[in-house]
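Structure assessment
What follows is each chain in one-letter form.
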Amino acid sequence: MAAEVLLLLRLALTDDPLGKREKTVLSRIASCLLHLSPNETSDILVSLEDLSTDRDLMQARAGLRQGSHERRIILAETMFELAQRDPELAPRADRLTARVCDVLGLGADEVAHLSG
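Residues numbered from 1 in each chain as written. Predicted model: local features only at pLDDT ≥ 70, side-chain atom pairs only at ≥ 80, totals over all residues. Heavy atoms only, no water.

1. A look at the overall build of the protein
Per the secondary structure count, the protein includes six helices and zero strands. In sequence order, the secondary structure elements of the protein are arranged as α-α-α-α-α-α. Taken over C-alpha atoms, the radius of gyration comes to 13 Å for the protein, in line with the 13 Å a tight globule of 116 residues would show. Along the first, second and third principal axes, the C-alpha atoms of the protein reach 35 × 30 × 20 Å. Sorting the 116 residues of the protein into buried and exposed places 41% on the buried side. Expressed as a percentage of contacts within the protein between residues at least 6 apart in sequence, the contacts between residues at least 24 apart total 68%. (Helix = DSSP H or I, 4+ residues; strand = E, 2+ residues; numbered from the N terminus. Rg over C-alpha atoms; globule rule 2.2 N^0.38 Å. Buried < 20%, exposed > 50% of the residue type's maximum accessible area, 1.4 Å probe, protein only. Contact = heavy atoms within 4.5 Å.)

Shown next, in the form of structure tokens:
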């Protein structure tokens, strides 16, 4: 699940190739909040950096959207909880949640409970 969450965060952060800021956020979330080892974090970041073309990004989105509705809701909830716990993402949690919903193909009414 950690890899899916990081993939979702990567897609929510930018449609462009990963920059230094995005890599820092992904690394911090992986190590501090998901408690992944440095090797696991490095392996996942390499995979996420490989998503650099529009086609790669569209395929990644499609893969996440193919999950069950329940799975997509769980991913959105998990992402919201992580964003709330991260000092850099917390101020933008609502905007990030909207972007996550777009990536997952969820409507605002399906995640209204996230904003309290």
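2. What about the pattern of salt bridges?
For the coordinates displayed, the defined rule picks out nine salt bridges. Salt-bridge contacts for arginine 21 lead to glutamate 88; the nearest nitrogen and oxygen are separated by 3.4 Å. In this pair, arginine 21 sits in helix H2 (residues 20-33) while glutamate 88 sits in the loop between helix H5 (69-85) and helix H6 (93-104), placing the two residues 67 residues apart along the sequence. Given the relative accessible area of 37%, arginine 21 is considered partly exposed. Of the charged contacts, one joins aspartate 102 and arginine 61 as a salt bridge, the two residues approaching to 3.3 Å between their closest N and O atoms. One end of the pair, aspartate 102, is in helix H6; the other, arginine 61, is in helix H4 (residues 54-65), with 41 residues separating them in the sequence. You can call arginine 61 buried: its relative accessible area is 17%. Ionic contacts of the salt-bridge type, sharing partners, join the residues Arg21, Glu22, Arg28, Asp86 and Glu88 into one network. (Salt bridge = Lys/Arg side-chain N within 4 Å of Asp/Glu carboxyl O.)

3. Some points on the packing of H5 against H6
Viewed as axis vectors pointing N to C, H5 and H6 meet at an angle of 160°, and their least axial separation amounts to 10 Å. With respect to H6, the axis of H5 lies roughly antiparallel. Relative to H6, the crossing made by H5 is right-handed. Of the residues in H6, those in contact with Arg72, Leu75, Ala76, Met79, Phe80, Ala83 and Gln84 of H5 are Ala93, Asp94, Leu96, Thr97, Val100 and Leu104. Its residues assigned to classes, the contact of H5 with H6 comprises nine nonpolar, two polar and two charged. (Axes fitted to C-alpha atoms, helices over the stretch in contact; angles between N-to-C directions. Parallel < 35°, antiparallel > 145°, perpendicular 65-115°, else oblique. Left-handed = near helix turned anticlockwise from the far one by under 90°. Nonpolar A, V, L, I, M, F, W, Y, C, P; charged D, E, K, R; others polar.)

4. A word on the environment of aspartate 86
Looking at the element boundaries, aspartate 86 is found in the loop between H5 and H6. Spatially, the C-alpha atom of aspartate 86 lies 9.1 Å from that of cysteine 32, the residues being 54 residues apart in sequence. Sequence-distant contacts of aspartate 86, that is, excluding residues within four places in its chain, are made with Arg28, Ile29 and Leu33.

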